[in-house]
Every structure is written in C-alpha cells, then in structure tokens.
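Okay, here's what each chain looks like letter by letter:
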Amino acid sequence: MRFADAVEFALASLRKRRLRTFLTASGVMIGIGALVSMISFGKGMQKNVTQAFKASDLFTTVMVMPGGAEPPSADPDRQRPRVMAPARTDAVLDDQAVAAISRIPGVLSAYPDIGFPAMVGFEGTEEFRLVQVVPAAVAASRSLKIRWGRAYDSDAEDGVVVSRSLLRRLGVADPASAVGKRIRITSVSIDLGRLATLNLGSLLSGETSPVAQETYEFPILGVNEVSAFGGEVNMTESAVMIPPGPARRIKRLPFSSVWDLFRMRDGRVGYSAVNVKLGSLRDLGAVRSRVHDMGYATFALADQFDEITRAFYFMDMILAAVGMIAIIVAALGIVNTMVMSILERFREIGIMKAVGAGDRDIRRIFFFESGAIGLVGGTAGCALGWAASLLVNRIVNFYLARQGMPFVDYFAFPVGLFLGAIGFSLLVSLISGIYPARRAARVDPVVALRHD
Amino acid sequence: MSPTAPLLVETRSLSKTYLVGDVRVPALADISLAVPEGSFLAVTGASGSGKSTLLNLLGGLDTPSSGTIEVGGTIVSAMDREALARYRRFGAGMIFQSFNLVAARTALENVELPLIFAGVDKTERKRRAAELLDKVGLAHRAAHRPAELSGGEQQRVAVARALANGPRLLLADEPTGNLDSRTSREIVGLLAGLNRERNLTVIMVSHEEGLVREFAQAIVRLADGRVAAAGGPA
C-alpha cells in the first residue's frame with residue numbers, strides 16, 4: 001500500500017465521521033491551546049524581566065554596603081539576598097569611602113544611596129514617600145525612562161523628577177500637565193539644642209517636640225514611567241528624585257535609616273549604601289574584590305540572574321505540567337475515538353484483510369488517522385492558544401493602562417513554540433494511536449466477516 | 001480443463017479444530033484434495049459440515065490445525081501473517097454469500113481495493129477496475145454505492161474485485177445464497193465463463209444441487225468435516 005493511499009484512507013474515514021473527528025480534534029486543540037498559552041506566558045515573563053534588567057543597567061550596578069549586622073527587615077525571614085560578606089566590619093561608608101570607590105578602575109561613578117522620608121504634596125493632596133537623592137548623571141542615564149518633561153541637567157539644578165504612579169496617587173490624571181508645576185516636600189529634622197533640655201515628662205505634658213517640620217517647594221522637571229517589570233528594585237524609579245544640590249538645602253535627619261547610627265565609628269555616620277556603576281560587567285569581579293578589601297559588603301543583581309533563569313525554567317515546567325493535564329485528557333479522547341472506530345469498522349477491516357490488506361496496511365491506516373487528528377488539533381490549538389493569549393493580553397493591559405502602567409506583551413510566541421507544539425501534538429496522537437492500530441491489525445478476518 | 005492439467009491446489013490431511021472454551025470442536029478432519037488448474041470444483045454438504053472452514057483455509061483467511069495446503073507450488077499453510085496477506089492479495093480471490101463490499105465506497109472503489117493494497121498507482125488501478133467492471137457487465141454502475149445496487153450486481157462487483165490482481169484461483173463461498181434463482185444462475189454462469197475463458201480455477205461452496213450439477217466439473221461432498229463423496233457431476 002502506498003503512503004498517499006494510506007493517508008487518503010485515513011482522511012476518508014475521518015471525513016465520514018465528521019462530528020466525532022471534530023470533537024476529538026477539539027479536545028486536542030484545547031489541550032495544545034492551553035499548553036501553548038501557558039508556555040508563551042512563561043516565555044513572555046522571562047523575556048520581559050530579562051529585558052527590563054538589561055535596559056535598566058541593573059546588571060552593571062553594584063550596591064556597596066557597610067559590613068556587620070544586617071538591619072532588620074519588615075519580614076525577619078527575608079534577608080537581603082546574597083550579600084557578599086566583607087573582611088572587616090568597622091569601615092564607615094562615608095564621603096571619603098565614596099571617593100575611594102570612584103577611583104577603582106572600571107568604576108564609572110559611585111554615589112551614595114541617600115533617601116529621606118518626606119510628606120509630598122501637590123495641590124490639595126499629600127502622600128508619604130521616600131525622597132531619593134540622585135546625581136544628575138544617573139538621572140539622565142538611559143535607565144531612567146522620562147516620558148514627560150526632562151531630567152535635571154546638573155546636580156545643582158533646582159527641580160525634581162517624580163514618578164507617574166506618585167502623580168496618580170496625588171490625583172493627577174495627565175502627567176504632562178504636572179510638568180512645570182511645583183511640588184511640596186515636607187521633611188522632619190531634630191532641634192539638637194532643644195533636645196538637650198528635654199525629658200520625656202515635659203514632652204508628654206504638652207511641650208512642643210524637638211522634632212521640626214519644614215516645607216520646601218520644587219518645580220517638577222520631568223515625570224518618569226515605572227517599568228512594568230523590575231519595579232522598585234531599581235532605585236532610579238523612586239517616587240521623587242532630587243539632585244544633590246537642592247537636597248543639601250533641605251533640613252532633614254542626617255542619616256537614611258536609624259540603623260546607620262549603630263554603625264557609627266569615631267562619631268562618623270556612614271551611608272547605608274553606595275551605588276557603584278560599572279563600565280562593563282566584566283569588571284564586576286575585580287571591582288568587587290577591591291571593595292571587599294576596603295571592608296565593605298557588596299550586592300550585585302548579576303548574581304541573581306542565574307537564579308532568576310533557573311526560576312523561569314521551573315516556572316516553565318510547572319506551566320507545561322498544567323498544560324500536560326489537558327494533553328493527557330485529549331490523548332485518552334483519541335484512544336477512545338480510535339477504539340470506537342475499530343468496533344464500528346470491524347467488518348470493513350475484515351473485508352480489507354480478505355482482499356489482501358496486511359497487518360502493516362491496517363496499522364498504517366489507523367495510525368495515520370490518529371496522526372491526522374493530532375495534526376489538525378495541534379494546528380488549531382496553536383491558533384487557539386495564540387488568540388486566547390492575545391485576548392487575555394488585551395484585557396490585562398486595558399486594566400493596567402487604567403492604573404497608568406505601560407503596555408506590555410505578557411506572552412511571547414517564538415516560532416519554535418508553534419512548531420514544537422504541532423510536533424508534540426502529532427507525537428502524542430501517534431502514541432495514542434499505537435494501541436488502536438495494533439488492535440485493528442490483529443483483527444481476525446474470519447471473525448470480522450461473520451460480524452454484522 | 002485438459003485431462004492432464006497440473007494440480008493448482010493440493011491439501012494433505014488438512015484438519016481444523018476450534019477451541020470453544022475448554023472444548024475442542026473439530027471442524028475439518030483429514031481432508032486431502034487435489035484440484036487441477038482450470039477446473040471448476042463444487043463443495044457441497046449440510047450446514048456445519050465444514051465447507052466454509054475449508055474455503056477460509058484455502059483462501060488464506062484462516063490457518064489449519066494440522067496438514068498442509070499447497071497452491072501453485074507454494075505451501076500456504078506454512079506462511080506467516082504478511083505472506084498470507086500477499087497470498088490473499090495475489091494468489092486467491094474470494095467472494096462471499098453476503099458480498100462483503102465496503103458500504104462507503106462505490107462499485108469502482110470496491111474493485112480498486114485489492115489494487116490499492118498491491119501498491120498500484122491511481123491511474124492504472126482506475127483503468128483496471130473499470131475494465132473489470134465492464135467485464136462483469138457493470139460499467140454503467142461504476143459510481144454507485146453497494147446500497148444502490150441489486151444483490152446480483154453487488155455479487156458481480158465482488159467477482160470483479162476478486163479478480164483485480166489476476167489470481168489463478170477463485171474461491172466462492174455460497175455466492176448465490178442471497179440471490180433469487182435467476183440471478184443465481186447468472187452469477188454461477190459468470191464464474192463458469194471466467195473458468196473457461198481465463199482458465200481460472202474455481203472452487204465454489206454451494207447448496208444448490210441444480211447449479212452445481214449444471215456447471216461444476218467435480219463435486220466434493222463434506223459431512224461432519226470429512227470428505228463423504230467425491231466425483232464428477234452425477
């Protein structure tokens with residue numbers, strides 16, 4: 001029997017039982033559709049996160065921290081990940097240290113991570129936020145996506161960059177309209193003179209507190225868009241960014257965190273962290289070992305990337321496993337359909353054998369039949385998975401757009417995914433066809449010809 | 001058939017026993033036949049005498065429990081499944097009481113079936129199938145499905161199909177069992193004509209004494225799975 005004839009036989013038989021063929025292929029279609037959309041979601045997440053990391057310069061940024069005890073986090077089980085421990089714990093991370101780090105070959109820039117709590121007000125509304133002091137060079141870098149207005153030109157320029165999400169919290173619908181308007185920053189400071197004469201009793205009895213508030217106004221120069229992935233990991237996406245110049249005018253607590261005070265040495269309070277920008281990822285090891293020699297701890301996101309990649313593989317596997325459940329159900333559907341088909345065509349199989357069909361011919365016909373179901377179901381499943389993903393993507397983006405998030409493709413469809421899915425569907429259907437095909441081939445023609 | 005014609009079919013001590021549960025039911029016992037090429041042999045006997053079993057064994061649809069079958073110098077009883085399929089395809093054509101046409105296929109497509117399994121290409125097999133239908137007088141019914149054909153027409157299609165790959169042996173299992181007497185005579189006449197014109201060896205199982213006497217050159221009567229009588233038409 002020729003190959004083309006076996007295919008024709010199989011297709012003729014499928015055409016004859018249209019409804020059942022359609023239902024069985026639909027089962028495969030749904031299974032493959034689920035698998036394709038699951039995997040494309042995993043691939044999409046991976047692509048988005050990887051791109052966000054690459055675009056934000058995070059790979060070439062090293063965070064330098066003082067050694068010693070770690071400050072507690074809100075969740076005591078959640079430590080800062082993978083901080084490389086230093087040799088010494090008494091090194092203070094002050095301006096001298098920042099200057100020394102800047103001089104290490106391979107370092108483009110180093111600037112302290114200075115932030116202070118403030119009440120941020122715009123027109124009638126107010127929000128508590130951390131104001132981040134960011135040098136102009138960093139604010140102007142490609143890692144900061146300023147969508148409206150501009151970044152500040154120098155460290156001395158009087159103005160701030162705010163995030164779109166903050167503006168939305170402050171009731172501003174159109175970010176462009178806020179550019180040029182003034183924003184209020186209220187900070188707290190401690191009157192050290194009054195502190196000396198105070199005791200707890202007098203504080204409670206209603207005397208004024210040594211804690212003073214002062215409000216400053218700055219023009220909004222630009223509004224940046226928070227990327228959908230990476231989010232607040234990136235300090236350059238803080239709610240309010242202010243250049244070092246005007247930041248110095250603001251009366252505030254002389255430390256970012258109260259924990260910094262515990263690291264004080266000889267009366268000097270260091271920064272809680274210094275951001276170090278590298279020219280290239282290749283310098284990471286060398287720069288890091290120099291910084292460790294100076295007695296500081298480091299944290300680089302590049303370390304995390306392998307783990308992130310591993311996590312994505314794991315996620316892909318879980319998503320694929322969920323999709324596999326649907327495939328297994330579809331495969332059982334194929335087996336059922338094919339076994340039913342044998343029972344219905346029992347006599348026909350006998351006739352074919354009586355006129356000279358060999359076991360191999362019968363096997364082939366049934367094998368091709370289940371293969372055709374898989375091929376058609378798999379192809380339709382790819383289309384279904386693609387269409388469903390497109391729809392989900394539209395809906396999710398519609399809701400996220402209302403919250404000010406940019407449009408993101410949450411699904412990725414590499415060509416290999418489609419080809420792989422169709423190939424996989426064919427494979428599963430052929431495997432499902434093995435038992436029915438063998439059973440059909442074993443039909444005894446004498447028994448089959450007696451059968452009505 | 002010339003008196004000195006070589007043997008086409010020879011069986012020696014052929015037996016077939018079916019196992020029904022734990023009980024061995026003998027269907028055929030010790031059948032030894034010699035059928036010269038080009039002869040028309042009728043096999044008669046009461047129902048259950050083993051006629052159909054004998055034909056199934058000769059046609060390669062079933063395998064004997066013991067004994068040998070030799071057709072055209074080849075030991076059919078020693079063949080494996082694939083060789084038996086080839087034998088059914090090329091060596092022996094079969095027709096049945098209930099015609100056994102594939103309902104979903106037209107007359108022409110039914111005749112094409114053995115050619116498909118023989119790997120004949122489409123144009124050639126269409127040509128050959130049409131020619132065979134013409135031979136049995138059904139060229140005008142080629143595009144009809146079995147349900148649209150009369151019993152006699154269906155059996156003619158079956159005959160055309162049995163001859164598709166040019167076998168030397170035609171086995172007919174009660175070919176007139178479902179037909180009226182006039183059509184029965186036409187069908188057996190058709191077989192006899194093929195027997196004469198093509199030197200086709202025909203072995204026909206039949207109840208119909210009249211037809212058997214009229215057309216067969218030799219008759220074997222079976223009783224309880226054994227040869228009860230053998231000879232020429234009485």
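Residues numbered from 1 in each chain as written. Chains lettered and ligands numbered in written order. Predicted model: local features only at pLDDT ≥ 70, side-chain atom pairs only at ≥ 80, totals over all residues. Heavy atoms only, no water.

Draft legend 1. Region of the structure containing helix H13 (residues 359-402) of chain A. In a regular helix each residue adds 1.5 Å, so 44 residues correspond to 64 Å; H13(A) covers 64 Å between its end C-alpha atoms and thus fits that length. Positive phi appears at A:Gly404, one or two residues downstream of H13(A), with a value of about 85°. (Helix = DSSP H or I, 4+ residues; strand = E, 2+ residues; numbered from the N terminus. Expected span 1.5 Å × (residues − 1).)

Draft legend 2. Here's a closer look at unusual backbone geometry. All names here are of chain B. Phi angles above zero are rare outside glycine, and Asn 100 is one such case at about 55°. You can see Asn 100 is positioned in the loop between strand E6 (92-95) and helix H3 (107-117). Even without being glycine, Glu 174 reaches a positive phi, approximately 45°.

Draft legend 3. Spatial organisation of a positive patch on the surface. Side chains of A:Arg360, A:Arg363, A:Arg438, A:Arg442 and B:Arg86 sit close together on the surface and give a patch of like positive charge. For B:Arg86, the location among the structural elements is in helix H2 (residues 81-91). (Patch = residues over 30% accessible without salt bridge, like charges linked within 9 Å, V, L, I, M, F, W, Y side chains within 5 Å. Areas by Shrake-Rupley, 256 points an atom, 1.4 Å probe, with all protein chains shown as cover. Salt bridge = Lys/Arg side-chain N within 4 Å of Asp/Glu carboxyl O. Lys, Arg positive; Asp, Glu negative; His and termini not counted. Charge placed at Lys NZ, Arg CZ, Asp CG, Glu CD.)

Draft legend 4. Broad picture of the packing of H3(B) against helix H5 (residues 151-162) of chain B. Residues and elements named next belong to chain B. Closest axis-to-axis distance for the H3/H5 pair is 8 Å, and the angle between their directions is 30°. Judged by the inter-axis angle, H3 sits roughly parallel to H5. Helix-helix and strand crossings are classified by hand; for H3 and H5 the assignment is right-handed. Judged by residue contacts, Ala 107, Asn 110, Val 111, Leu 113 and Pro 114 of H3 engage Val 157, Ala 160 and Arg 161 from H5. A class-by-class count of the residues in the contact of H3 with H5 yields six nonpolar, one polar and one charged. (Axes fitted to C-alpha atoms, helices over the stretch in contact; angles between N-to-C directions. Parallel < 35°, antiparallel > 145°, perpendicular 65-115°, else oblique. Left-handed = near helix turned anticlockwise from the far one by under 90°. Contact = heavy atoms within 4.5 Å. Nonpolar A, V, L, I, M, F, W, Y, C, P; charged D, E, K, R; others polar.)

Draft legend 5. Focus on the interface of chain A and chain B. Each partner contributes to the interface: chain A provides 26 residues, whereas chain B provides 25 residues. Summed over both sides, the interface of chain A with chain B buries roughly 2,200 Å², with 55% coming from carbon and sulfur. For the pair chain A and chain B, the interface holds four salt bridges. One salt bridge in this structure joins B:Lys122 and A:Glu8, with 3.3 Å as the shortest N-O distance. (Buried area = accessible area lost by both parts, 1.4 Å probe.)

None of the figures reported here should be taken as evidence of function without further support.
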